[in-house]
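Structural overview
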Amino acid sequence: MKRPTAKIREEITRLQEQLKQAETRDAERIGRIALRAGVGEIEVEEADLLSAFEEVAGRFRAGTKLVQGHKPATTPPNGAGKAAGQSSET
């Protein structure tokens, strides 16, 4: 049975709100952890910080620890590094 367009739109709106709430929870959790680690007390360019977070994310996605000085072989699925002017080849 086909659902009316209005019902589909209501569901999309509800799901968007759930996504927004989940992203807020994630951001608050990561922010608290970053502050506990002292990230808030250092002066660092946003692009550099993003690159460091991408390295950490790649390490945990791969399930292995990075060798110091080496970047992960994988890139974020959203290509965030490239959008910030970073290259995964570096």
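Bear in mind the structure is a predicted one, so any value in this text is a computation, not a measurement. (Residues numbered from 1 in each chain as written. Predicted model: local features only at pLDDT ≥ 70, side-chain atom pairs only at ≥ 80, totals over all residues. Heavy atoms only, no water.)

Moving on, we come to the overall build of the protein chain. When you go through the protein chain residue by residue, the secondary structure sums to three helices and zero strands. Reading the secondary structure of the protein chain in the N-to-C direction produces α-α-α. When each of the 90 residues of the protein chain is scored for burial, the buried share is 10%. For the protein chain, the accessible surface area stands at approximately 8000 Å², while carbon and sulfur atoms represent 54% of it. (Helix = DSSP H or I, 4+ residues; strand = E, 2+ residues; numbered from the N terminus. Buried < 20%, exposed > 50% of the residue type's maximum accessible area, 1.4 Å probe, protein only. Areas by Shrake-Rupley, 256 points an atom, 1.4 Å probe, with all protein chains shown as cover.)

Attention now goes to the pattern of salt bridges. All chains considered together, the criterion is met by one salt bridge. The residue Glu11 makes a salt bridge to Arg3 at a minimum N-O spacing of 2.5 Å. On the accessibility criterion, Glu11 (26% relative accessible area) is partly exposed. (Salt bridge = Lys/Arg side-chain N within 4 Å of Asp/Glu carboxyl O.)

The pLDDT averaged across the protein chain works out to 80; a share of 70% of its residues lies at or above 70. Least confident of the elements in the protein chain is helix α3 (residues 80-83), whose mean pLDDT is 44; most confident is helix α1 (residues 5-36), at 97. Predicted confidence for residues 72-90 stays below pLDDT 50, and this span has 19 contacts to residues more than four positions away or in other chains. (pLDDT = per-residue confidence, 0-100. Contact = heavy atoms within 4.5 Å.)

What follows deals with helix α2 (residues 46-62). In this model, α2 (17 residues) spans 24 Å end to end at C-alpha, consistent with the 24 Å of a helix rising 1.5 Å per residue. By the burial criterion, the buried members of α2 are Ser51, Glu54 and Gly58. Buried residues in α2, looked at end-on, bunch into an arc of 60 degrees, giving them a common side. Projecting away from the buried face of α2 at angles above 90 degrees are the exposed residues Glu46 and Phe60. Two residues or fewer after α2 comes Gly63, characterised by a positive phi angle close to 75 degrees. (Expected span 1.5 Å × (residues − 1). Arc of directions from axis to C-beta.)

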